[in-house]
Each structure stands twice: as structure tokens, then as C-alpha cells.
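# Fold and geometry: a report
Chain residues, written in single-letter form:
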Amino acid sequence: MEKNIIIGREREMSELQRSMESDRSEFIIVYGRRRVGKTYLVDNFFNYEYDFSFVGGHRLTKQKQLKNFAKAMKKYAHLQQLPKYASWDDAFDALEELMESLPENKRKVIFFDEMPWIDTPLSEFVDALETFWNGWAARRRDIVFVASGSSTSWMMDKLVENQGGLHGRITNNIYVRPFTLNEAEQYMHSRGAAWDRYQLLQTYMVIGGIPFYYSLLNVKESLVQNIDRLFFRKNGELRTEFEELFSALFSNTEKYTNVVRLLNGRREGMTREEIEKATGIDKSVLATVIRNLERSDFILRYSQFGNKTKGAIYRLVDFYTLFYYRFIDGFNAQDEEWWSHNFQSPAVEAWEGLSFELLSLMHLTQIKKKLGISGMATSASSWRYVPSKEEKASGEKGAQIDLLIDRADRIINLCEMKFSVKPYKITDSYESALRYRMSLFQEKAKTAKTLTYTFVTTFGVANAIGHSIVSSEVTMDDLFGR
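Residues numbered from 1 in each chain as written. Predicted model: local features only at pLDDT ≥ 70, side-chain atom pairs only at ≥ 80, totals over all residues. Heavy atoms only, no water.

### Concerning the overall build of the chain
Along its length, the chain carries 22 helices and 12 strands. The C-alpha atoms of the chain give a radius of gyration of 25 Å, which matches the 23 Å a tight globule of 482 residues would have. Each principal axis of the C-alpha atoms in the chain carries an extent, and together these give about 80 × 50 × 45 Å. Residues counted as buried form 55% of the 482 residues belonging to the chain. A total accessible area of about 22,400 Å² is found for the chain, and carbon and sulfur atoms account for 48% of it. Within the chain, one finds 65 positive and 64 negative side-chain charges whose respective centroids are separated by 2 Å. (Helix = DSSP H or I, 4+ residues; strand = E, 2+ residues; numbered from the N terminus. Rg over C-alpha atoms; globule rule 2.2 N^0.38 Å. Buried < 20%, exposed > 50% of the residue type's maximum accessible area, 1.4 Å probe, protein only. Areas by Shrake-Rupley, 256 points an atom, 1.4 Å probe, with all protein chains shown as cover. Lys, Arg positive; Asp, Glu negative; His and termini not counted. Charge placed at Lys NZ, Arg CZ, Asp CG, Glu CD.)

### Some words on the pairing of strand 11 (residues 450-457)
By the criterion of burial, strand 11 is predominantly enclosed, with 7 of the 8 residues buried. Pairing of strand 10 (residues 411-418) with strand 11 involves 8 bridges; the strand directions are parallel. If you follow M417 over to strand 11, its bridge partner there is V456. On the question of chirality, the crossover connecting strand 10 to the parallel strand 11 by way of helix 21 (residues 428-445) is right-handed. (Pairing = 2+ DSSP bridges. Right-handed = clockwise from strand over helix to strand, strands pointing away.)

### Considering the packing of aromatic side chains
Using the criterion set out here, one finds 59 aromatic pairs in the structure. With a centroid separation of 5.9 Å and an interplanar angle of 40°, the aromatic rings of F92 and F125 are classed as tilted. Remark: F125 occurs in helix 6 (residues 125-135) and F92 occurs in helix 4 (residues 88-100); sequence separation between them is 33 residues. Judged on exposure class, the residue F92 and its partner F125 are both buried. A ring pair is formed by F305 and F441, whose centres lie 5.1 Å apart and whose planes are at 65°; its orientation type is edge-to-face. Highlighted residues: F305 in the loop between strand 6 (299-302) and strand 7 (313-316) and F441 in helix 21, separated in sequence by 136 residues. The ring of F212 is capped by R35, whose NZ or CZ atom sits 4.1 Å from the centre of that ring. (Phe/Tyr/Trp six-rings, centres within 6.5 Å; stacked < 30°, edge-to-face > 60°. Lys NZ or Arg CZ within 6 Å of the ring centre and 35° of its normal.)

### A short note on helix 9 (residues 197-207)
Taken across its 11 residues, helix 9 has 10 buried, putting it largely inside the fold. Among all positions in helix 9, only Y198, Q199, L200, L201, Q202, T203, Y204, M205, V206 and I207 are buried. One or two residues past the end of helix 9 sits G208, with phi positive at roughly 65°.

### A few points about the sheet that holds strand 2 (residues 52-55)
The sheet built from 5 strands is open, its strands ordered 2-3-4-1-5 with parallel pairing. Whereas interior strands pair on both sides, the edge strands pair on one side only; in this sheet they are strand 2 and strand 5 (172-175). The average undirected angle you get between the axes of adjacent strands in this sheet is 15°. Pairing of strand 3 (residues 108-113) with strand 4 (residues 143-149) involves 5 bridges; the strand directions are parallel. Paired with F112 across the two strands is A147, which belongs to strand 4. (Axes fitted to C-alpha atoms, helices over the stretch in contact; angles between N-to-C directions.)

### Comments concerning the sheet that holds strand 11
The strand order across the open sheet built from 5 strands is 8-9-10-11-12, with neighbouring strands paired in mixed fashion. In this open sheet, the two edge strands, each paired with only one partner strand, are strand 8 (378-385) and strand 12 (470-474). Each strand axis lies, on average, 30° off the axis of its neighbour in the sheet, ignoring direction. Seen against the sheet, helix 21 touches strand 8, strand 9 (399-407), strand 10 and strand 11 and runs at an angle of roughly 135° to strand 11. (Contact = heavy atoms within 4.5 Å.)

### A look at the side chain of N162
The topology assignment puts N162 in the loop between helix 7 (152-160) and strand 5. A polar side-chain atom of N162 sits 2.5 Å from the main-chain amide nitrogen of G164. Sequence-distant contacts of N162, defined by excluding residues within four places in its chain, comprise V126, E130, M156, D157 and H167. (Polar contact = N/O pair within 3.5 Å; in protein donor to acceptor, adjacent residues only side chain to side chain.)

### Regarding the pattern of salt bridges
Applying the stated criterion across every chain yields a total of 31 salt bridges. Two residues, R140 and D142, come together in a salt bridge whose shortest N-O distance is 2.9 Å. Its salt-bridge partner being E161, residue R295 comes within 3.2 Å of it at the nearest N-O pair. Taken together, the residues span a long stretch of sequence, with R295 in helix 15 (residues 283-295) and E161 in the loop between helix 7 and strand 5 at a distance of 134 residues. Taken together, the shared-partner salt bridges in this structure form one network comprising R267, R315, E357 and D402. (Salt bridge = Lys/Arg side-chain N within 4 Å of Asp/Glu carboxyl O.)

### A few points about helix 2 (residues 38-45)
Buried residues dominate helix 2, accounting for 6 of its 8 residues. Listed in full, the buried residues belonging to helix 2 are K38, L41, V42, D43, N44 and F45. Buried residues in helix 2 make contact with helix 1 (10-21), strand 1 (26-31), strand 3 and strand 4.

### Let's talk about a negative patch on the surface
A surface patch of negative charge is lined by D89, D90, D93, E97, E100, E124 and D127. Ranked by residue count, the leading element in the negative patch is helix 4, at 5 residues. Note that E124 resides in the loop between helix 5 (115-118) and helix 6. (Patch = residues over 30% accessible without salt bridge, like charges linked within 9 Å, V, L, I, M, F, W, Y side chains within 5 Å.)

### Remarks on the packing of helix 9 against helix 11 (residues 223-232)
With their axes 11 Å apart at the nearest point, helix 9 and helix 11 run at an angle of 20° to one another. Our classification of the angle between helix 9 and helix 11 gives roughly parallel. Viewed along their axes, helix 9 and helix 11 form a crossing whose handedness is right-handed. On the side of helix 9, the interface is formed by Q199, Q202, T203, V206 and I207, while helix 11 contributes L223, I227 and F231. Looking at the contact of helix 9 with helix 11 residue by residue, the class counts come to 5 nonpolar, 3 polar and no charged. (Parallel < 35°, antiparallel > 145°, perpendicular 65-115°, else oblique. Left-handed = near helix turned anticlockwise from the far one by under 90°. Nonpolar A, V, L, I, M, F, W, Y, C, P; charged D, E, K, R; others polar.)

In C-alpha cells, the structure reads:
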């Protein structure tokens, strides 16, 4: 079978290749957000040539999972009849027998996809997996065992951070992240899309870097037409996707959606203490929820300037989720072409501004490259100042800076992210506000470092020469860099 083109994923493929060339058995986990392309990566790297492959079923019982395993065993072992397994110990014993029947001079590749779904209550699946690996596979030199799953929390808790028999047994930990803008552009070009970067940027602001969502786009239509078809038509594929998104990733789904919904309404982000107070979720439970949402790239944690441990800001950064909550959730209108009729409305413009800010935060590597500081030690953070009642009474205003880049050369870049359909124009009043914010930050942060403003925009700053406040610029094209 001819391999499909794999966009990006150079590091991931290099790790898989290293495991294939090692002189020991390898236990590889491949995990990441739902629809990010984990199975596609593994299938195409191995060209679908497995010595055994099994896919867990969502919400299936232990008995049904074992029956599906038996069907896979019948196929790979070329059995005449369907075997029956009473337990996962029996199933793994059969897997050992199959592998031992294969030629000794070859690596034997085993792929378990959607492994978290296999681990049903009281199934004792993980115990059987421990016995299989520790008692048999790890003692050989020819087994390449690949486990994949979308439930990042399960993959981390049960495999990576396992405190039992699988502790320290993972030999290769591969986390598949969403596409960058550059990779999304490569993918769209591979499909023959003639969209310009402005349209590709807007696409990313709707669906992020999730490859499966890009595969649903009709490149012969405009982005506006695609959004109507996928989100606003009855049973549109990305309209119904949301129902499965969180339930497929997390147990106790309601707690996760409560936190995500809350963060959706706070563009400036929230501290953990603010989230706890607003949701009423127990402190220890909330810590788990936040950790798992971070692991799955739904939220981003930004430390407060000058304090890496306290007051961190959490922001919702999953673009699909943001778009769904902003325009689809609770949407009762029957207009199946709502986006065509409203994409230039104030509500959409406000969403574009927020999404571009987040997109910039997610492409910090590209920003640093444009600034010429890729090889320099830096730390990224945010800063928020909330004046007391007395300070408010005296006329002092609060302020927030979403992105600061603190550099080893004692310069701090204060980043302003602005989305516009043409070069961004700085007004005199806006420049005054920026100067006030800079002086307030210098005073409250008690820093003697040099402060400079960096503008991250779509098409640059129209009158940058006339405004000394602009020290450096990063444009849309820079964000598309590798």
C-alpha cells in the first residue's frame, strides 16, 4: 500500500524510526487531542503493516471489547474459528502465542488504538497489560508495542505516571500536537487549495490546527461557505462534533465543560482561585480538571510576570471550542447561511480580535524568530494589575498585558496583537493608552529593564514610522514561518 503524505510530524516520525531501529523491545505511547491525527500518523508510518492491530470501542462492555479482540486475532492469526476469551489475561496470552509463531529475525509491531476505551470498569485490562509487558515483551528484543488514545488524562495517569507495574516502562512518549499555521498551509496546498494566507489565518481561528477538521473543508468553496455547511446547517459535521468531543476525552464531563464554558466568557483569562470560586468545584478535583485540560491543549497556562508559581492565568485556547461556544451553542436561528449573512458583523469582529490574540500566543516560536531571539534565553508571561478601591478612587486604572517576552539581554517585549483587514492604524488616543500601560507596568512590576512594544498584526502597522511607540513588528506572514 502506498503511503499517504504526512504533513509536519518530523519529530514524531523520527522517534518512531528510532524505536524501530533499537536493539530492545519498545513500549511507545502516541497521544493527543481527539482528531489531531494520531492514528493517521501511526498507520502511515508503518504503512498499515502490523503483526497485530486492535482498536478499542467507545462505551463498549468488557465482553464486547474481548469479542472484537478475538475478531482481530482471527484475522492476524489466520484462524478458522473465532476464539473466545474470558479475560484480558487470556487475550494477551493469545497475543504472545501469535508473536512467538512469527519469524525471529524481524521486529514485531503491535498497535492498540484508542486504548483508554478498552479499560472499562472492572475489566482488569491494565493489570493484564502489565503482566504482558513485564513478564514477556520487555524480556525480548523484537517487540514494538504502540498504544494510542485521545484521552490524554488516561494515557498519562495509567501509562506515563503509572505507580504500579508499568512505572518507568514507557520507552517512547510521543505527543501529537495540532498543526501550526505553516503545517496547516502545507496541508491545504497538498489538497489544491488556492486560498490566500488571510483566508487560511481565518480558517485557523475557526478550527485551530486539527487535521481532521481541515479534511472536511471543500477547497473549491470559500471559507464562508464552508463554515455555513459545517457549522450552521442542520447536522453539520462540526456542529454535531462537539457532543462527542469532551465525552470522548474525559470522565465527569460536566466538570470539564463547566470550566471551559466559564473561561470562554473571560477573554482575559482567570486564575485557579477565580475558577474555583466561580464553579464551586472541589480544589483537588479542580486541580485534576485543569491539569487534564492543559494536557489536551484546551487551555493555556501563563505565569504572571515575576511570579512563576502564583497567580497564573488560564485561558481557553482551543479554537474550535471557542467558535462553538461563541456562535453555535444555544443558537436557535433557522438560518443555515448565518455566517454568510453576518461574517462582517461587530460580534464576529470582536471574536476575530480575541482569536488572533490567542493564535499569536500559540505561535510564540515564530514571533521570537522574527525578533531575532530564537537562540536567546527568554520567558513568556502575562501581567495583570487590578487597583484597590482606594487607587480606583484616586483615578488609577487597571491594566493587562497578554504577552510579555522577558529576554536575557534585559529587554522586555510588550506584545500587542491586532487583527485587521488592512494595515493597522494607531490613533493618538491608543498610543497614549499604551504609554500609560508601559509606565504602569514599569512602576508596579518594579523592573529596570528596557521596555519595548512589539506589534503583531495581519498586514503590519500603517503609520509605524510616525509612532515611536512601535519598536518592532511581526506580521501574518511571519506567523506562517516554520
